[in-house]
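As a plain string of letters, each chain reads:
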Amino acid sequence: MLSVKHLSKRFGAQVAVDDLSFEVPAGQIVGFLGPNGAGKTTTLRMLTGMTQPTGGTATVCGFDVLSQTIEVKQRIGFVPESGAVYESLTGLEFLEMIAALYGIPQETARPRIEQFISFFDLSMDTLKNKMLGAYSKGMRRKVVITSALLHNPPVVFFDEPLEGLDANASVGFKTLIQTLAHEGKTIIYSSHILDVVERVCDRVIIIDKGKLLVDGPADELVAAHNSGTLERLFIQLTGGEQLERRAEDFAKTFLP
Amino acid sequence: MSAIPAKTKAAPAATTLRRLFLTVFLRGHTSRGLSKETVPRSVGQKLALTLLLYAALSLVALIFIGRPVFALSAYLHAMTFLFLGMFVTVSAGEMLFNKEESDVLMHRPVTSKDLLWAKIGVLTQVSLWIAGAANLAGFFVGVGAEDGGWLFPIVHALSTGVEALLCTGCVVLTYQLCLRWFGRERLENLMTTMQVLVMVAMTVGSQLMSREVATLQAIASADLKVWWMFLVPPAWFAGLDDAVAGSHAPSSAAMGAIGILATGLVLWFAFTKLAESYQTGLQAMSEAPAPRPERPRRLEWLNRLAAGGLVRRALKSPVERAGFILTIAYLLRDRDVKLRVYPGIAPIFAMPAIIMLNGHGGKGLAEFAAFGICFAGVFVALTPTLILDLLSYTQQWRAAEVFQIAPTRGPWALQRGAQLAVIAFPCLPMLAIFGVYVGIAQGPKNLLLLLPGVLSMPPYALMPALVGGAVPLSKPNEEAKSAGRSLKMMGAMLMAFVLAGFGSLAWYTGWFTYFLLAEAAMIALACWFADSVLRQVRWKPLD
């Protein structure tokens, strides 16, 4: 469903993604992890056709992200970390506009939107009459998630999807993506909340400085590195132990 | 639900995008928690007021009743070119390259060509509204022109439409070329530079054109077509009007042909040949910038300047100095602020230059020369008002909460730092440039004529805070598109005219020293009063 081969991205002399390769079959949830600046978002942007790779290839549902960008975009959903929306549109205007871009007629789009707002506990009145700029962060995130799933794409990319969602919505969302995967959808889930990744994902990919560090089921990786938890494994692989010590030293400087 | 929906009754992507961009343009990119009913008032109604203002300004065309079509049309197209140029230049940057927008649209199944055409469509549509308003009276005046007739409104409407396309095309072409030749690293600075240059060229060109036409309008239409008019876009479209609905002169037809040819070429280059690079540009805007080691060094000099004796003496508290640094940093670095401020102030610097040059070449009009210098000084002194007003608006307005969370009672210290910053940069350097010109061209003694302007800078800098409660970087951009601001600026310009008039009168009557003393005393009093009022202002509650 998703195939990445030797994917690279350079910004001038800076290498953001370096020779990244992996495959994801249909129905799998993959946790895509890495410290800040590891190249996760750049990779997701390349796979969603938002940025052109400087090397390598990637295909989504058999379509090349570089040469068949529109075909790829028709088959993916993406929840970007920024959660950007047009703030001066109402939630309903925004979602109907997005639906129209995927060729979904209004009479088909409306029931789908209603399904999502009912799932996310949003009120139709708010969606119709309030500008997105007035929504809370969580409400806005729900609208963005809806906009990514509205056209029922076979592959969905999530970049920090839980940001702003309350505990109840987060639980609901986790169940939703597991159900979507059971129905055969491929989910790429990028997040810093490692315990959620550990519980939800079938497989974990950790990258750092643009390079792939490990790739496999979370429990197997944890056992192989003798880490105990995914969080310890992540810290072990990405040099977080040093940061822990530095944080302790730094905190001590504030003590009288 | 099927994975890929059948495209049956949904509107085509291009139509959806155009509707979207027009809605977003009229409502603004961000809203401050407003409901659907109230948001359009923020921009749409202000645009309507601006259109009304332009329609009122179009009444100036009445002075061309009974004159040749070419003279009327040249005036109308020069004004239209100025208004459209200003609108397209200021709006195009934000509309064509909106950073946040890429996260909403770039992963959707739309082509860069669809995006580009939809945006151009909206720019052209609003341009046509502006052009229609600015030419409203002109359409009727043309019917009663010396060689005009019923055909004029139709032909003029068409030529104005082509002119709107040329304006939009030129700006888009400029962006595309900058992107292609200079790459994304330098695009943002180049975008600003190009906008400022376009704005200055538009202002200077339109001024020269309308002045030339006003001077020569009494002469027969054929004499108006001096050689350089073949190089000026408004003259091309005036030629088109004249060739079809006026004198039918061959030279007019030649000008019209040049206009149509130039528009065709620009559109072909901008929308066909270079459309591919638009996607590259959009991607570049959304990509994380490569590290630039020279950047931190640029702020070092600013920190040193703020810590230096002169600024430290003028701005006693650290909050005032922080306001000073913040303002200059945004004026130098922030793309959004630069695109708003520099094209906005370009005409202010261009206008006095034109008047000074006219005065210099005035062949015996010594009074006018003195007025020109004095006016230049006072006009440049207006700049802090405009900059501080424009500086209130930013895409990052939410960050202004930082000011309110900080332990400050009100915005006074921040405003004071910002006021000094805009006087230090770019107003004083600009005044110094005028000073050098005056010193060389008119003699050092005439430098004194710039003093009324220098003295009036502090009250002009206080005005936005006093009248509009302006706090730097605290409001969303949409609130900047205000006809009210234009009216305030017109008032300030009127005051500049009056001050320059009295200044030059005092110069010739030998009362200049007394005039300066009186001005200084009044300004000191006004500043003391304004400062006392502003110190008492407290933060408004957060939205």
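Whatever comes next refers back to the structure up there.
So, how was this worked out
Every chain is numbered on its own, with residues counted from 1 as its sequence reads. A letter from A marks each chain and a number from 1 marks each ligand, given out in the order of writing. Given that the model is predicted, a residue must reach a pLDDT of at least 70 before its local features are reported, and side-chain atom pairs must reach 80 or more before they are shown or counted; all residues, however, enter totals for whole chains, interfaces and linings. Note: side-chain values were computed over all heavy atoms of the structure, leaving out hydrogens and water. Criterion for a salt bridge: a side-chain nitrogen of Lys or Arg within 4 Å of a carboxyl oxygen of Asp or Glu. Elements are defined by DSSP. Helices are runs of H or I of four residues or more, strands are runs of E of two residues or more, and each kind is numbered from the N terminus. Buried, partly exposed and exposed residues are distinguished by accessible area as a fraction of the type maximum, computed with a 1.4 Å probe on protein chains only: under 20%, between the cut-offs, and over 50%, respectively. At least two DSSP bridges between two strands are needed for those strands to be called paired. Convention adopted: a line fitted to C-alpha atoms gives each axis, helices being fitted over their contacting stretch, and angles between N-to-C directions are expressed from 0 to 180 degrees. Residue contacts follow a heavy-atom distance rule, with two residues in contact if any of their heavy atoms lie within 4.5 Å. With strands facing away from the observer, any crossover in which the path from the first strand over the helix to the second runs clockwise is taken as right-handed. By convention a nonpolar core is built from buried Ala, Val, Leu, Ile, Met, Phe, Trp, Tyr and Cys residues, the set being connected through side-chain atoms within 4.5 Å. Small angles under 35 degrees read as roughly parallel and large ones over 145 as roughly antiparallel, with 65 to 115 read as roughly perpendicular and the rest as oblique. A clockwise turn of the near helix away from the far one marks a right-handed crossing, whereas an anticlockwise turn of less than a right angle marks a left-handed crossing. Residues were grouped as follows: Ala, Val, Leu, Ile, Met, Phe, Trp, Tyr, Cys and Pro as nonpolar; Asp, Glu, Lys and Arg as charged; and all remaining residues, including Gly, as polar.

Residue and element names in this part refer to chain A. Taken as a whole and assessed by the stated rule, the structure comprises 11 salt bridges over all chains. Salt-bridge contacts for lysine 211 lead to aspartate 18; the nearest nitrogen and oxygen are separated by 2.8 Å. Of this pair, lysine 211 sits in strand S10 (residues 211-216) while aspartate 18 is found in strand S2 (residues 14-24), placing the two residues 193 residues apart along the sequence. Judged by its relative accessible area of 44%, lysine 211 is partly exposed.

We now examine the sheet that holds strand S3 (residues 29-33) of chain A. Residue and element names in this part refer to chain A. The six strands are arranged S6-S7-S8-S3-S9-S10 in an open sheet whose pairing can be described as mixed. Only two strands of the sheet have a single partner each, and these edge strands are strand S6 (76-79) and S10. Within this sheet the neighbouring strands show an average axis-to-axis angle of 15°, counted without direction. Set on the sheet, helix H6 (residues 137-149) makes contact with S6 and strand S7 (155-159); between it and S6 the angle comes to about 165°.

On to the pairing of strand S8 (residues 186-190) of chain A. Each regular strand carries side chains that alternate between the two faces of the sheet. Residues and elements named next belong to chain A. The buried fraction of S8 amounts to five of the five residues, a majority that puts the element mostly inside the structure. Alternating positions in S8 separate into two faces, Thr186, Ile188 and Ser190 on one and Ile187 and Tyr189 on the other, with burial throughout. Note: S3 against S8, four bridges, orientation parallel. Residue pairing across strands places phenylalanine 32 opposite serine 190, the latter belonging to S8. Of the strand pairs in this sheet, S7 and S8 are connected by five bridges, and their pairing is parallel. Residue pairing for S8: valine 155 is matched across the bridge by threonine 186. One crossover worth recording links S7 to the parallel S8 by way of helix H7 (residues 167-182), and it is right-handed.

Further remarks concern the nonpolar core. In this structure, Tyr86(A), Phe94(A) and Phe158(A) are the most contacted members of the largest nonpolar core, which totals 149 residues. Counting residues per element, this core draws most heavily on helix H3 (residues 69-96) of chain B, which supplies 14 residues. Those residues in contact with Phe94(A) that sit more than four places away from it in its chain are Val85(A), Tyr86(A), Leu89(A), Leu132(A), Val143(A), Ser147(A) and Val104(B). Membership of the second largest hydrophobic core comes to 44 residues, among which are Ile345(B), Ile373(B), Ala506(B) and Trp507(B).

For helix H1 (residues 40-47) of chain A, the tally of buried residues reaches seven of eight residues, placing the bulk of the element in the interior. Turning to H1(A), its buried residues are Lys40(A), Thr42(A), Thr43(A), Leu44(A), Arg45(A), Met46(A) and Leu47(A).

At the junction of Phe425(B) and Pro426(B), the peptide bond is cis and its omega measures out at 10° in the coordinates. If you trace the backbone, Pro426(B) turns up in helix H19 (residues 412-441). We note that His6(A) has phi near 50°; this positive angle belongs to a residue other than glycine. For His6(A), the location among the structural elements is in strand S1 (residues 2-11). We classify His6(A) as partly exposed; its relative accessible area is 49%. Notably, His248(B) is not glycine yet its phi reads approximately 60°, a positive angle.

All names here are of chain A. Read from one edge of the open sheet, four strands run S2-S1-S4-S5, paired in antiparallel fashion. Because the sheet does not close on itself, it has two edges, and the strands there are S2 and strand S5 (63-64). Sheet topology note: the strand S4 (residues 55-60)/S5 ladder contains two bridges and is antiparallel. Note that in S5 the partner of valine 60 across the bridge is phenylalanine 63. H1 rests against S1, S2 and S4 of the sheet, and its axis sits at about 120° to S1.

A separate point is the environment of Val171(B). Residue and element names in this part refer to chain B. Within the secondary structure, valine 171 is located in helix H7 (residues 151-216). Judged by relative accessible area, valine 171 falls into the buried class, the value being 7%. Spatially, the C-alpha atoms of valine 171 and valine 88 are 7.1 Å apart, while their sequence positions differ by 83 residues.

Another point: the packing of helix H1 (residues 13-27) of chain B against helix H5 (residues 112-134) of chain B. All names here are of chain B. One can describe the packing of H1 onto H5 by two numbers: an axis separation of 8 Å at closest approach and a directional angle of 50°. The angle between H1 and H5 places the two elements in the oblique class. Where H1 crosses over H5, the two elements pack in a sense that is right-handed. Across from Ala13, Ala14, Leu17, Arg18, Phe21, Leu22, Phe25 and Leu26 in H1, the residues of H5 making contact are Asp114, Leu115, Ala118, Lys119, Gly121, Val122, Gln125, Val126 and Trp129.

Once that is clear, we can look at the packing of helix H20 (residues 451-468) of chain B against helix H22 (residues 512-536) of chain B. All names here are of chain B. Packing of H20 against H22 brings their axes to within 10 Å, and their N-to-C directions diverge by 20°. It follows from the interaxial angle that H20 and H22 lie roughly parallel. Relative to H22, the crossing made by H20 is left-handed. On H22, the residues that touch Leu451, Pro452, Leu455, Ser456, Pro458, Pro459, Leu462, Ala465 and Leu466 of H20 are Phe512, Phe515, Leu516, Glu519, Ala520, Ile523, Cys527, Ala530, Val533 and Leu534. Here the residues of the contact of H20 with H22 sort into 17 nonpolar, one polar and one charged.

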